[in-house]
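Structural characterization, general
Residues per chain are reported as follows:
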4 protein chains.
Amino acid sequence: MKHKELIHEMKKRVFTANLALPEAGLVKLTWGNVSEVNREAGVIVIKPSGVSYKTMEINDMVVTDLDGEVLEPGLKPSSDLATHVELYKAFEEVNSVVHTHSKNAVMWAQAGREIPAYGTTHADTFYGVVPCTRQLTSEEVASAYELETGKVIIETFREKEIDPLAVPGVLVYGHGPFTWGETTKKAVENSIVLDEIAEMASTTEIVNETISPIPQYLLDKHFFRKHGSNAYYGQV
Amino acid sequence: MKHKELIHEMKKRVFTANLALPEAGLVKLTWGNVSEVNREAGVIVIKPSGVSYKTMEINDMVVTDLDGEVLEPGLKPSSDLATHVELYKAFEEVNSVVHTHSKNAVMWAQAGREIPAYGTTHADTFYGVVPCTRQLTSEEVASAYELETGKVIIETFREKEIDPLAVPGVLVYGHGPFTWGETTKKAVENSIVLDEIAEMASTTEIVNETISPIPQYLLDKHFFRKHGSNAYYGQV
Amino acid sequence: MKHKELIHEMKKRVFTANLALPEAGLVKLTWGNVSEVNREAGVIVIKPSGVSYKTMEINDMVVTDLDGEVLEPGLKPSSDLATHVELYKAFEEVNSVVHTHSKNAVMWAQAGREIPAYGTTHADTFYGVVPCTRQLTSEEVASAYELETGKVIIETFREKEIDPLAVPGVLVYGHGPFTWGETTKKAVENSIVLDEIAEMASTTEIVNETISPIPQYLLDKHFFRKHGSNAYYGQV
Amino acid sequence: MKHKELIHEMKKRVFTANLALPEAGLVKLTWGNVSEVNREAGVIVIKPSGVSYKTMEINDMVVTDLDGEVLEPGLKPSSDLATHVELYKAFEEVNSVVHTHSKNAVMWAQAGREIPAYGTTHADTFYGVVPCTRQLTSEEVASAYELETGKVIIETFREKEIDPLAVPGVLVYGHGPFTWGETTKKAVENSIVLDEIAEMASTTEIVNETISPIPQYLLDKHFFRKHGSNAYYGQV
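As named in an unreviewed UniProt entry, chain A is L-ribulose-5-phosphate 4-epimerase, taken from Enterococcus moraviensis ATCC BAA-383. Turning to chain A, the UniProt record has this under Function (unreviewed entry): "Involved in the degradation of L-arabinose. Catalyzes the interconversion of L-ribulose 5-phosphate (LRu5P) and D-xylulose 5-phosphate (D-Xu5P) via a retroaldol/aldol mechanism (carbon-carbon bond cleavage analogous to a class II aldolase reaction)."

**Quick notes on the pairing of strand E2 (residues 43–46) of chain B**
Residue and element names in this part refer to chain B. Taking every second residue as pointing to the same face, both faces of E2 are buried, with Val43 and Val45 on one and Ile44 and Ile46 on the other. Bridge analysis of strand E1 (residues 33–38) against E2 gives four bridges, and the strand direction is antiparallel. The residue of E2 that forms the bridge with Glu36 is Val45. Looking at chain direction, E2 and strand E3 (residues 62–64) are connected through three bridges and run antiparallel. Following the sheet pairing, Ile44 is matched in E3 by Thr64.

**Overview of the pattern of salt bridges**
Where side chains of opposite charge bring their charged atoms close, a pairing between them can arise. All told, the structure shown has 56 salt bridges over all chains when counted by the stated rule. The residue Glu189 of chain A makes a salt bridge to Lys186 of chain A at a minimum N-O spacing of 3.4 Å. Linking Glu189 of chain A with Lys186 of chain A, this pair stays in helix H6 (residues 184–207), spanning three residues, or about one helical turn. Using a relative accessible area of 19% as the deciding quantity, one classes Glu189 of chain A as buried. On the basis of relative accessible area, Lys186 of chain A is assigned to the partly exposed category, the value being 38%. Note that Glu114 of chain C is salt-bridged to Lys160 of chain C, the shortest N-O span being 4.0 Å. Of the two residues, Glu114 of chain C is situated in the loop between helix H3 (103–111) and helix H4 (120–123) and Lys160 of chain C in the loop between helix H5 (138–159) and strand E5 (169–172); the sequence distance between them amounts to 46 residues. A single network of salt bridges, built from pairs that share partners, joins Asp80 and Glu146 of chain A together with Arg225 of chain D.

**Some details on the interface of chain D and chain C**
Each partner contributes to the interface: chain D provides 33 residues, whereas chain C provides 31 residues. Sorting the residues of chain D by area buried against chain C places Trp31, Met107 and Gln110 of chain D first, and these three jointly supply 21% of that buried surface. Our count for the chain D to chain C interface comes out at four salt bridges. Between Arg225 of chain C and Asp80 of chain D there is a salt bridge, with its nearest N and O atoms 3.5 Å apart.

**A few points about the interface of chain A and chain D**
Opposite the 33 residues of chain A that make contact, chain D presents 31 residues. For the pair chain A and chain D, the summed buried area comes to about 2,900 Å², and 56% of that belongs to carbon and sulfur atoms. Considering only the surface of chain A that becomes buried against chain D, Trp31, Met107 and Gln110 of chain A emerge as the three largest contributors, covering 22% of it. Here Glu196 of chain D makes a salt bridge to Lys28 of chain A, at a shortest N to O gap of 3.1 Å. Listed by contribution, the elements that provide at least two residues to the side of chain A that touches chain D are helix H3 (103–111), helix H5 (138–159) and H6 of chain A. Of the residues forming the side of chain A that touches chain D, the biggest block, six residues, is contributed by H3 of chain A.

**A short note on the relation of the copies chain A and chain D**
Aligned on chain D, chain A shows an RMSD of 0.0 Å; the corresponding rotation is 90° and the shift along the axis is 0.0 Å. Such a turn and shift between the copies fits a four-fold axis. Proximity to the rotation axis, assessed at the C-alpha, singles out Ile206 of chain A in chain A; its C-alpha lies 6.1 Å from the axis. Mapped onto chain D, only 3% of the interface residues of chain A are again interface residues, and the two copies thus contact each other with different surfaces.

**Quick word on the pairing of strand E4 (residues 96–99) of chain A**
Residue and element names in this part refer to chain A. Residues Ser96 and Val98 of E4 are buried on one face, and the alternating residues Val97 and His99, pointing to the opposite face, are buried as well. Examined bridge by bridge, strand E1 (residues 33–38) and E4 share four bridges and lie antiparallel to one another. Across the sheet, residue Ser35 finds its bridge partner in E4, namely Val97. Note that E4 and strand E6 (residues 176–181) share four bridges and pair antiparallel. Counterpart to Ser96 in the pairing with E6 is Gly181.

**As for the relation of the copies chain D and chain C**
Between the two copies, chain D and chain C, the superposition gives an RMSD of 0.0 Å; the rotation angle is 90° and the shift along the axis is 0.1 Å. The residues that chain D uses at the interface reappear at the interface of chain C in only 3% of cases, marking distinct surfaces.

**Details of a negative patch on the surface**
Residues and elements named next belong to chain A. A cluster of acidic residues, Glu92, Glu93, Asp163 and Glu182, forms a negative patch at the surface. The residue Glu182 is located in the loop between E6 and H6 in this model. Residue classification places Glu182 among the partly exposed residues on the basis of a relative accessible area of 49%.

**Quick notes on helix H6 (residues 184–207) of chain B**
For an α-helix the count is 3.6 residues per turn, leaving residues at separations of three or four pointing the same way. Between its first and last C-alpha, H6 of chain B extends 35 Å over 24 residues, near the 34 Å set by a 1.5 Å rise per residue. Burial analysis of H6 of chain B places 20 of its 24 residues in the buried class, the great majority of the element.

**Describing the sheet that holds strand E4 (residues 96–99) of chain B**
Residues and elements named next belong to chain B. Strands sit in the order E3-E2-E1-E4-E6-E5 across an open sheet of six strands; the sheet is antiparallel. This sheet does not close on itself; its edge strands, each paired only once, are E3 and strand E5 (169–172). Adjacent strand axes in the sheet meet at a mean angle of 20° when their direction is disregarded. Against the sheet, H6 contacts E1, E4, E5 and strand E6 (176–181), and its axis sits at roughly 145° relative to E6.

**Description of the arrangement of the chains**
Across all C-alpha pairs, the smallest distance from chain A to chain C is 12 Å, and the two are not in contact. Nothing in chain B touches chain D; the tightest C-alpha to C-alpha distance between them is still 12 Å.

**Section: the UniProt feature "domain: Class II aldolase/adducin N-terminal" (unreviewed entry) in chain A**
The UniProt feature table records "domain: Class II aldolase/adducin N-terminal" (unreviewed entry) at residues 12–202 of chain A. In this annotation, residues 12–202 of chain A is assigned 40% helix and 14% strand; the end-to-end C-alpha distance for the span is 36 Å.

**Comments concerning the environment of Glu161 of chain A**
Residues and elements named next belong to chain A. Its location among the elements puts Glu161 in the loop between H5 and strand E5 (169–172). Taking relative accessible area as the criterion, Glu161 reaches 72% and is therefore assigned exposed. For the pair Glu161 and Thr83, spaced 78 residues apart in the sequence, the C-alpha separation amounts to 20 Å.

**With respect to the sheet that holds strand E3 (residues 62–64) of chain C**
Residue and element names in this part refer to chain C. Read across the sheet, six strands follow the order E3-E2-E1-E4-E6-E5 without closing on themselves; strand pairing throughout is antiparallel. Either end of the sheet is taken by a strand with one partner, and the two such strands are E3 and E5. Within this sheet the neighbouring strands show an average axis-to-axis angle of 20°, counted without direction. Contacts between helix H2 (residues 81–90) and the sheet are confined to strand E1 (33–38), strand E2 (43–46), E3, strand E4 (96–99) and strand E6 (176–181), with E1 contributing the most and set at about 40° to the helix.

**Structural notes on the packing of helix H7 (residues 216–226) of chain B against H5 of chain C**
Direction vectors running N to C along H7 of chain B and H5 of chain C enclose 25°, while the axes themselves pass 9 Å from each other. With respect to each other, H7 of chain B and H5 of chain C are oriented roughly parallel. Crossing of H7 of chain B against H5 of chain C: the hand is right-handed. Along its contact with H7 of chain B, which presents Tyr217, Leu218, Lys221, His222 and Arg225 of chain B, the element H5 of chain C presents Ser138, Val141, Tyr145 and Glu146 of chain C. Split into classes, the residues belonging to the contact of H7 of chain B with H5 of chain C amount to four nonpolar, two polar and three charged.

Conventions we followed
Residues numbered from 1 in each chain as written. Chains lettered and ligands numbered in written order. Predicted model: local features only at pLDDT ≥ 70, side-chain atom pairs only at ≥ 80, totals over all residues. Heavy atoms only, no water. UniProt positions renumbered as here; feature names shortened; annotations may be inferred. Buried < 20%, exposed > 50% of the residue type's maximum accessible area, 1.4 Å probe, protein only. Helix = DSSP H or I, 4+ residues; strand = E, 2+ residues; numbered from the N terminus. Pairing = 2+ DSSP bridges. Salt bridge = Lys/Arg side-chain N within 4 Å of Asp/Glu carboxyl O. Contact = heavy atoms within 4.5 Å. Buried area = accessible area lost by both parts, 1.4 Å probe. Least-squares fit on C-alpha atoms with pLDDT ≥ 70 in both. Patch = residues over 30% accessible without salt bridge, like charges linked within 9 Å, V, L, I, M, F, W, Y side chains within 5 Å. Areas by Shrake-Rupley, 256 points an atom, 1.4 Å probe, with all protein chains shown as cover. Lys, Arg positive; Asp, Glu negative; His and termini not counted. Charge placed at Lys NZ, Arg CZ, Asp CG, Glu CD. Expected span 1.5 Å × (residues − 1). Axes fitted to C-alpha atoms, helices over the stretch in contact; angles between N-to-C directions. Parallel < 35°, antiparallel > 145°, perpendicular 65-115°, else oblique. Left-handed = near helix turned anticlockwise from the far one by under 90°. Nonpolar A, V, L, I, M, F, W, Y, C, P; charged D, E, K, R; others polar.

Have a look at this one:
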C-alpha cells in the first residue's frame, strides 16, 4: 500500500475507534482519545485535542512521527499524545492506545486500587489484576506530565513483571484508565471490558465483603480460551 | 413440519432470542448465547462462537445433535455449547438455555452468593433463592470445563432439591448466570428478570442491612399467580 | 359527552399512560399497570393482564364497574385490579392509580423502609415520608391478596393520618410502589418521581450516614410552591 | 446587532441549552432551567416555569430585565429566576446559569457534603472542592426563598474565597446543583461534569474508604491545562 493510502486507512480506523467511545457510553463531552501506530511507516495517528465527537471528521485526525512531532498542518493532537508515544516506545506489540474517563474505571483509579480478578469476565480479557500506578510526584507533574504518565505506566508493568498484552490496560492513580491492543478495535474493546469489570468489582465487594479473587486455574482457563495458540473461542 | 422447516424455525427463534440480549442491555461485545433443543428431531441450535451481534445472520446459527456434534458445515458453535448440552440432558422440560454476563447477576456470581427472595418481583419468576454453584475444582476446569460447568449446575439443583422449572436460573460461582425455560422467549425473559432482581437485592441489603427474605406464603402466592394450574395472571 | 365517547377517551388516556411507563424506564416485560376511574359514569378502565406493551392496542383496555366487574367482553383485566378498586373506594379525590416494579422504589419496598424526605426533589411531590405498609399476614395473602393489598395501603394512610393527595404514593412491603393522582398524567409522573427520589435517598445515606431529613419549613415551602391555592410554579 | 435580533439569538441559545439537559440525562419532567444574561442590553432570558421540554418552543423563552422583571407578555419565568438574578449581580463574569435536579449531584446536596477533588476529571473543570451551602434558615425560606438561595450561594463563595469561574458550580444544601459559565454551552457542560464527578466520588469512597483528594500540584496541572493563559488543551 502506498504511504498516502496507508495514512488514510489509519485515519479511518482511528476516527471510527474514537466515535466508538461515546457510542459505548465510555466518554462524555470531548474526553477520551484513540491512536494507532505504524512503526514501519514511522507514523502515529491520533484524535485532535478537544474537538467535538459530533462534528469531528476523518481528516481531522492528526498525523505525527514516532516521537509525536506533527507531520501535517492542521489541528493540534490530543494533549495526551506524549503518553501514547511513550507506550508505543515501550510496548512493542501494542499498535493502538485508548484513553477514557469512563466512570467505573475512574472510580478505581481515584480510589488508587488495582482491580482484583473477581470473575471470568475479567479473566477473559485481563490475565490477572488490572494494576494501578503509583501517584506521580510533584516534579513529574511539573516537568513533562503526559510523558511521565506514560513512564509510570511502563514502570508499573516492569516492576510487577506484567506482560502488556496479557493485561492490556492500567489505571493511572487519581486519573483514569488507559487500554491498548494489537488493533484499534481490540484496544477499544479492552476499554469497554475494563469499565464493565470495574463496575462489577465494586458491587461484588459490597455483596460479599470477604470475597477472594478467582483461583489461578480458572484465570488460566478463561484467558487461554481466548488467547494464545490453544485458544478455541471465536471462529479462527 | 418437515425437518428442514423445523430447523429453519429453530434458527429463527434462536437468532431472535440472541439479538434480544443486547437489546435488553444484558450483553456487551459478543458475550452471551442462546440455544434451543428439539429432542424428537434430535437437534440443538445455538449461536456461533464470538460472532458480532451486528453482523450475525439467521443462517449463522449452528445446528448440532443432542451430544453437541455439529451437523452442518459452517461456523463453530458457542464455546459454552457443552454446558447447554449437559443441561438439556438433565433438565427434560427445558427447551432453551441462555448464558450472559449481565452485570448484576455476575456481581452475585462473583460474590459467590445465592440471591435471597427479597420481594415479589423475585417470587413472580423464581420460586425461592436463585442458587449459586460451588467453585469448580482445578481438575474439573482442566479436564472438560464447559461440560463440568453444566454438571455443577445440575449437582446444585439435585443437592438442594430444586425443580429447574420452579427456579429457572442459576449463578455459576465466579462466572455468571445461566437461565432456561420451556421456550427461547421464556428463557430470555428469565435472564432479564434475574439481572433485575440481582440489582434490586444488592441495594435492598444496603438500604436495610438486617432485612429478611419475604415469607413463604407470599412467595407461594406470587409464584402460583403466574405458574401452575391455578395461575390467574395473563390471558390464558 | 356520551358514555361511549367517554369510555373511549378513558381508554386512550389509560393506554397512553401505560405506554409511558416503559418509556420512562419504570417497567420491564409486562410488569406495571395504570387505571382511571370515572365515578359518575360508574366505570374503571385498566390495562389487560400480562399483555405486551409492544402489541397492546387502545381497545385492549378493560372496562369494569366500580367494583371491578368486567363490563365488556374481551381481555382479562390486570391481576392487580382489586387493589385499584379498593384505593378508588377509599381515596375519593384520586382518579388514577399506577403500579410498577420500578427498581429503586422496589428496593425500598423490599427493605421495608419508608423513604425519608431528604431533599426538595422529594418535597416538590411528596409532602413528607413516603410510607411503607406493614407486611401482609398469611391470612390476608391467602384470602384475597390484591384486595388486601389495597386495604393495607389505606390502613397505612389512615393510621399515619396522611392525606393521599399530599403523599400520592406508597411502598407495599416486600412488593413495590403504587402511586396515584387526580389524572393519569399526574399518577404516572408521581411514579417517575418516586423512583427517582428512592434512588437519590439510598445514595444520600451512603454519602452521609448521619444525614437528617430536610426541615419541615423547607418541606412546606417546596410542596406549597407547587400545590394548593398559593402555588406559584408552572403557568396557571 | 439590533436589540431584537440580540434577544432572538439569546432565546435560541437558552432554548437549545435547556433542551440539552434532558438529552444529557440531567433532567426529568420539567425540572431544570437555563438562563443567559446580557448586561449591556439589560436583559435576562430564561426558561418558562413548568413547561414540557417536548412542546416548548424558542419563543416561549421569557425575557426579563436585570432585576427579573418580565419585559414581554407571555409565559411566566422559571420559579428559580430570583436565584439566577442574584448570581448575575454577584458574579460579574458569569453570563449563564443552569439549575438541575441531576441525581448524583442531588445526592451530595442532600447529604450536605462538598465534593472532594478525587481525580483529574474533577480538576479539569472544578479547581478544588465543589462547595455545599449551609442550610437555609426558616426565616430565609419564608421571606424570599429563591432570592435567599442565590444569596447563600454567594455567601458560600465569599466566605470560602472561591472564584466562581474557577469552581463554576455549587450544591445547595438539601436541594441540588447550580452551575454557571461564560456561555450557555459552558454552563451546561459544567452541569454534565458536576453530575459525573458526583457519581464518581460516591463510589470512589466505597472502593477505598480512606482515600484522600488528589494533591494540589495535580489539581493545578489539570485545571491549568484547560484554563488561563497557559492552557494547552483544545484547538485555540
